[in-house]
Amino acid sequence: MASIMIKKAGEGLVSQAHRNADVGPTSGSSVVYEIQNVPGGVSVDDVIAAFKTYQPADKVYEIDWSALSK
């Protein structure tokens, strides 16, 4: 299982973040999330597509893949 870092910009764009990025709000208007326990056959694009329909709780920046794949 892998972890994938993604970044949601203030204007709504979701993209892959650098793997060494710190989770949480950035100095700009973006927020970095860590999606944990991603199965080997799932691509970054699949994670981003699933995240776009997910509403994360306030101040929760580490999300398990099972929450996105429902």
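For the structure itself, look to the data block above.
Here's a quick rundown of the structure. (Residues numbered from 1 in each chain as written. Predicted model: local features only at pLDDT ≥ 70, side-chain atom pairs only at ≥ 80, totals over all residues. Heavy atoms only, no water.)

**Concerning unusual backbone geometry**
Point 1. If you check the backbone angles, Asn37 has positive phi at about 60 degrees while not being a glycine.
Point 2. Note on placement: Asn37 falls in strand E4 (residues 31–38).
Point 3. The phi angle at Lys59 is positive, at roughly 60 degrees, despite the residue not being glycine.
Point 4. Overall, Lys59 belongs to the exposed group, its relative accessible area being 72%. (Helix = DSSP H or I, 4+ residues; strand = E, 2+ residues; numbered from the N terminus. Buried < 20%, exposed > 50% of the residue type's maximum accessible area, 1.4 Å probe, protein only.)

**With respect to the pairing of E4**
Point 1. Taking burial as the measure, the 8 residues of E4 include 6 buried ones, the bulk of the element.
Point 2. Counted along the chain from strand E3 (residues 24–25) to the antiparallel partner E4, the turn is 5 residues long.
Point 3. Relative to strand E5 (residues 62–64), E4 runs parallel, the two sharing 3 bridges. Counterpart to Gln36 in the pairing with E5 is Asp64. (Pairing = 2+ DSSP bridges.)

**Examining helix H1 (residues 44–52)**
Point 1. Taken together, the buried positions of H1 are occupied by Val47, Ile48, Ala50 and Phe51. Taken down its axis, H1 places every buried residue within 165 degrees of arc, on the same side. Seen from the open side of H1, the exposed residues pointing more than 90 degrees away from its buried face are Asp45 and Lys52.
Point 2. If you follow the buried residues of H1, they end up packed against strand E1 (2–8), strand E2 (14–16), E4, E5 and helix H2 (65–68). (Arc of directions from axis to C-beta. Contact = heavy atoms within 4.5 Å.)

**Focus: the nonpolar core**
Point 1. Core analysis: the largest hydrophobic core is formed by 15 residues, its most contacted members being Ile6, Ile35, Val47, Phe51 and Trp65.
Point 2. Listing elements by their share of this core, those giving two or more residues are E1, E4, H1 and H2. (Core = buried A, V, L, I, M, F, W, Y, C linked by side-chain atoms within 4.5 Å.)

**A short note on the packing of aromatic side chains**
Point 1. Here the structure, examined in full by the defined rule, presents 3 aromatic pairs.
Point 2. An angle of 50 degrees between the planes, with centres 5.9 Å apart, marks the rings of Tyr33 and Tyr61 as tilted. Separated by 28 residues along the polypeptide, Tyr33 in strand E4 and Tyr61 in the loop between H1 and E5 bring together distant segments of the chain.
Point 3. When its relative accessible area of 22% is taken as the criterion, Tyr61 is described as partly exposed. (Phe/Tyr/Trp six-rings, centres within 6.5 Å; stacked < 30°, edge-to-face > 60°.)

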